[in-house]
Amino acid sequence: MPSRISLTQFFIDEQRADRIPTDLRLLLETVARATAAIATTVSKGALADALGEAGTENVQGEAQKKLDVIANEILLGANVCDGNLAAMASEELETIYPIPTGYPRGNYLLLFDPLDGSSNIDVNVTIGTIFSVLRSPRAKDEELTEADFLQPGRGQVAAGYVTYGPSTQLVLTVGNGVHGFTLDREMGGFIQTHPFMTIPAETREYAINASNARYWEAPVQRYIAELQQGKDGSRGSDFNMRWIASMVADVHRVLTRGGIFMYPLDEKCRAKGGKLRLMYEANPMAMLVEQAGGAATTGRERILDIVPERLHQRVPVILGSSDEVERVTSYHLEPSS
């Protein structure tokens with residue numbers, strides 16, 4: 001078996017090949033160290049008094065878990081003084097977080113969902129962190145506004161997520177495929193274990209919150225009905241439904257063995273534009289999925305082409321194996337839909 005390389009060595013190799021600049025490498029290494037610290041807290045659970053409600057709400061009006069707050073503080077604290085960022089934005093904060101005066105500023109913007117899948121924290125199910133990196137459109141001495149973050153997802157220079165499960169895994173892309181790393185706690189760092197992850201074009205698995213079935217639009221109703229008919233229906237094959245309710249866990253399964261993940265527009269979330277956040281969840285996951293050979297749409301348009309209007313904008317998400325995503329998207333684009 002060939003020797004495995006560390007995350008740092010992977011970045012150095014990418015830098016030598018002119019696929020990643022030094023400051024982006026240093027930024028991503030800082031994010032990785034922060035998620036390793038989050039993983040330690042997650043693994044301790046009740047021993048670290050990290051379970052349960054925080055007694056506060058985030059800007060979305062959602063009750064925060066203690067780990068939501070802890071993970072957010074770890075990511076902010078780790079990245080504030082390294083000199084690679086101009087500002088940050090978090091799902092847990094109302095507005096952007098510029099690097100304070102007196103600290104060196106860099107050329108990038110970091111966006112993150114510090115702890116995805118919060119509803120699963122107290123039942124010890126896989127949760128995670130999602131992040132996205134954009135270039136700052138301003139000079140280092142200029143003040144930034146929310147508008148500077150409102151860039152289409154195709155402008156991301158890096159994206160990734162970390163799963164806190166039986167093992168802690170970091171999956172990322174810098175535009176040269178998708179690579180997976182596993183945290184070696186004894187070594188104290190991430191080791192590459194899944195180079196060039198690829199999503200099969202076809203699949204026999206799907207992930208969707210079936211409890212919302214009565215609220216789905218007609219194209220989704222049609223698509224899911226086809227899958228449920230199995231080998232006796234028009235698809236001529238059986239499909240298995242999988243649903244963890246942590247986006248990182250569901251998408252990680254898609255990246256490792258294929259499938260389609262859906263949180264479509266429905267009558268429950270129509271007024272908000274969708275369920276998942278464009279900047280912190282949909283864009284980074286869409287970049288990863290496309291880099292792995294899959295597809296990602298809202299059902300009506302490519303996610304990475306959306307021009308954001310708001311920092312906390314929500315969108316429908318359909319991503320995964322390209323053949324399935326194209327099928328369900330085609331149903332949305334038919335005149336009757």
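Please read these numbers as outputs of a predicted model, since none were measured by experiment. (Residues numbered from 1 in each chain as written. Predicted model: local features only at pLDDT ≥ 70, side-chain atom pairs only at ≥ 80, totals over all residues. Heavy atoms only, no water.)

If you walk through the whole model with that rule in mind, you get four aromatic pairs. Aromatic pair Phe10 and Phe11: ring centres 5.7 Å apart, planes at 55°, arrangement tilted. Pair check on accessibility: Phe10 and Phe11 agree, each one buried. Where Phe10 meets Phe181, the ring centres are 5.2 Å apart and the plane angle is 70°; that geometry is what we call edge-to-face. Of the two residues, Phe10 sits in helix H1 (residues 7-16) while Phe181 sits in strand E9 (residues 179-184), which places them 171 residues apart along the sequence. Here Phe10 falls in the buried class, since its relative accessible area comes to 5%. When its relative accessible area of 0% is taken as the criterion, Phe181 is described as buried. Three or more aromatic residues joined by ring pairs form one cluster here, namely Phe10, Phe11 and Phe181. (Phe/Tyr/Trp six-rings, centres within 6.5 Å; stacked < 30°, edge-to-face > 60°. Buried < 20%, exposed > 50% of the residue type's maximum accessible area, 1.4 Å probe, protein only. Helix = DSSP H or I, 4+ residues; strand = E, 2+ residues; numbered from the N terminus.)

The next subject is the sheet that holds strand E3 (residues 85-90). Taken together, the eight strands give an open sheet; going across it, the order is E4-E3-E5-E6-E7-E8-E9-E10, and neighbouring strands pair in mixed fashion. In the strand order of this sheet, the two ends are held by strand E4 (97-98) and strand E10 (189-194), each with one partner. Along the sheet face, helix H2 (residues 22-44) touches E3, strand E5 (108-116), strand E6 (127-135), strand E7 (158-164), strand E8 (168-173), E9 and E10 and points at about 165° away from the line of E6. Helix-sheet contacts for helix H6 (residues 278-291) involve E3, E5, E6, E7 and E8, and the interaxial angle to E6 is about 85°. (Pairing = 2+ DSSP bridges. Contact = heavy atoms within 4.5 Å. Axes fitted to C-alpha atoms, helices over the stretch in contact; angles between N-to-C directions.)

Time to look at the packing of H1 against H2. Following both chains from N to C, one finds H1 and H2 inclined at 165°, their axes separated by 10 Å at the closest point. When the axis of H1 is compared with that of H2, the two are roughly antiparallel. Considering how the two elements wind past one another, H1 and H2 form a crossing that is right-handed. The segment H1 lies against H2, with Leu7, Thr8, Phe11, Ile12 and Gln15 engaging Thr22, Arg25, Leu28, Glu29 and Ala32. (Parallel < 35°, antiparallel > 145°, perpendicular 65-115°, else oblique. Left-handed = near helix turned anticlockwise from the far one by under 90°.)

Further remarks concern the sheet that holds strand E11 (residues 205-208). The five strands lie next to each other as E12-E11-E13-E17-E15, forming an open sheet whose pairing is mixed. Every interior strand has two partners, whereas the edge strands, strand E12 (240-241) and strand E15 (295-297), have only one. Across three bridges, E11 lies against strand E13 (residues 260-263) in parallel orientation. Bridged to Ile208 within E13 is Met262. Sitting on the sheet, H6 is in contact with E15 and strand E17 (317-320), with an inclination near 25° to E17.

Counted at 1.5 Å a residue, the expected span for helix H3 (residues 66-79) with its 14 residues is 20 Å, and the 20 Å between its end C-alpha atoms agrees. Summarising the contacts, the buried residues of H3 are in contact with H2, strand E2 (63-65), E3, E4, E5 and E6. (Expected span 1.5 Å × (residues − 1).)

Bear in mind that shape data such as this cannot, by itself, settle questions of function.
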